[in-house]
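Secondary and tertiary structure notes
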Amino acid sequence: MASSQRTRRSRTAASPEPARMSLRTKWAIGGTIGGGALAGLLATGSSALAVYFARRVITPARQRTADQEVLAVIRDGQARQVIFAASDDTTVEGTYGFYFDGGKGHARIGRIISYSPAERTVLREVEAVYSGDLEKARWGWWSGALHPDPATAGYPAEDVLIDVDRGQAPAWLVRAGGNPRTWAIMVHGRGASRQEALRAVGPALELGLTSLLVSYRNDGLAPSADDGRYGLGSTEWQDIEAAIGYALAKGAQEIVLFGWSMGGAICLQTADLSRYRHLIRAMVLDAPVIDWVNVLAHHAQLNRIPSLVGRYGQLMLGHPLGRRLTGLSAPVDLKAMDWVSRAVELRTPTLILHSVDDEYVPYPPSTLLAERNPEMVTFEPFSRARHTKEWNVDPERWERLVKAWLRQQLAPRRNPGAN
């Protein structure tokens, strides 16, 4: 989800315009979905806001929001430092990616050298500039993705194509030594890319897992869905099933799914619906969407959208008549993706790593899922990591937890009848 927070001079891409509705359609949907109260809502200007909210959730953004200001770049011999306007992101220790020039430029930003709360500036180390001219950058966006590709992260990789319903989806294949029976399939989040998953390749290789970093519909690499809309996991899982099929054809015998943010929701749907679900040995989910209703209510509140309007936007996503306004080819069943309510149905061992100050996807559903299904779900809280940056804040802890948990899950299964 796009954050509601903006710097005072942020530059944003054009937002989709609210869909136009005939009066007849407004009243028909209002009466069908919610009776008189919602019909009354539709008769007001609030209906356009509900349509806009619903469409924004499921419409891929053409361009990321450049909301982080660069104040100066300082050269000291070969070393470079950059002064950013202080923000919730730039004042947190760790190592991050910084994208600028519409995404054409990419730098790796390291430690905080100094921070001036009075001047609202922060000086940080520049570890690498992979593309673009950072000294000309004025605005960009913060990211958890450090590297542009496996090679710059130090991993030999192959570019492969996975057959999906509408064509072929590009993926990176990073092979472990030998002929590993277990493959890790890594699923990035909404508005992100497979670069996000490079953070997990190192631990996977240490465990002897071959990694497949995939793309999926509407992410800018894979073929778009017919309706050009996100299914929030309800449709994207089919592309992950195709990736599992690819892995099995190449020698894999079992699968570990890694998922970030909406990628976590996609993994959960895959483990629930795929014909290969019995081969999914474990899931590692970073800041996952466990309950979309909770996430959508959170973003309605952040954007100061009245709760009734936000709830009506949710109903639009799940009702057949809402397709006329949202552009969805089929309704999105948010209840089917509420894993707090469905906790006991989750039968795949799952590790969840989630920051308690996540500003995009609130963490309580992750804790509730673990509380309601402790047999299958392990929850590990982080702090100050915000959204999907748990590794960036504390890579040593993230990797230690993931490796220890996966070693336990992937240990050879003992035959109960054996002596």
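See the structure above.
Fair warning: this is a prediction, and the values are worked out from it, not measured in the lab. (Residues numbered from 1 in each chain as written. Predicted model: local features only at pLDDT ≥ 70, side-chain atom pairs only at ≥ 80, totals over all residues. Heavy atoms only, no water.)

1. Observations regarding the environment of G191
With respect to the secondary-structure elements, G191 resides in the loop between β9 (182–187) and α5 (201–206). Note: C-alpha distance between G191 and G220 (29 residues apart in sequence) is 9.0 Å. In contact with G191, not counting residues within four places along its chain, are R64 and Y230. (Helix = DSSP H or I, 4+ residues; strand = E, 2+ residues; numbered from the N terminus. Contact = heavy atoms within 4.5 Å.)

2. A word on the nonpolar core
Across soluble globular proteins, nonpolar side chains show a tendency to be buried alongside one another. Judged by nonpolar contacts, the single largest core of 68 residues is most densely connected at I162, I185, L212, V214, L232, M283 and W292. Apart from the residues lying within four places of it in its own chain, the contact partners of W292 are L232, M262, A265, L334 and M337. Formed by 28 residues, the second largest nonpolar core is a distinct cluster that contains L146, A184, V284 and W398. (Core = buried A, V, L, I, M, F, W, Y, C linked by side-chain atoms within 4.5 Å. Buried < 20%, exposed > 50% of the residue type's maximum accessible area, 1.4 Å probe, protein only.)

3. Here we look at helix α11 (residues 364–372)
Residues of α11 that are buried include every one of P365, S366, T367, L369 and A370, and no others. The secondary structure elements touched by the buried residues of α11 are α8 (292–302), β13 (350–355) and β14 (377–382).

4. Observations concerning the side chain of Q269
Inspection of the secondary structure assignment puts Q269 in helix α7 (residues 262–273). Apart from residues no more than four positions distant in its own chain, Q269 is found in contact with G233, W237, S274, A336, M337 and W339.

5. Focus: the pairing of β9
In terms of burial, β9 is largely enclosed, as 6 of its 6 residues are buried. With burial as the criterion, each face of β9 is covered, one bearing T182, A184 and M186 and the other bearing W183, I185 and V187. Sheet topology note: the β9/strand β11 (residues 254–260) ladder contains 6 bridges and is parallel. Across the sheet, residue A184 finds its bridge partner in β11, namely V256. Each parallel crossover has a hand, and the one from β9 via α5 to strand β10 (residues 210–214) is right-handed. (Pairing = 2+ DSSP bridges. Right-handed = clockwise from strand over helix to strand, strands pointing away.)

6. Structural notes on the packing of aromatic side chains
Going through the model one piece at a time under the given rule, you end up with 7 aromatic pairs. Residues F84 and W142 carry aromatic rings whose centres are separated by 5.2 Å and whose planes lie at 90° to one another, so their mutual orientation is edge-to-face. Highlighted residues: F84 in strand β2 (residues 79–85) and W142 in strand β6 (residues 139–143), separated in sequence by 58 residues. This pair shows no difference in class: F84 is buried, exactly as W142 is. Ring centres 5.9 Å apart and planes at 10° place the aromatic pair Y99 and W141 in the stacked group. A residue pair is termed long-range when its members are at least 10 positions apart, and Y99 in strand β3 (residues 96–100) and W141 in strand β6 qualify at 42 residues. Here Y99 falls in the buried class, since its relative accessible area comes to 9%. (Phe/Tyr/Trp six-rings, centres within 6.5 Å; stacked < 30°, edge-to-face > 60°.)

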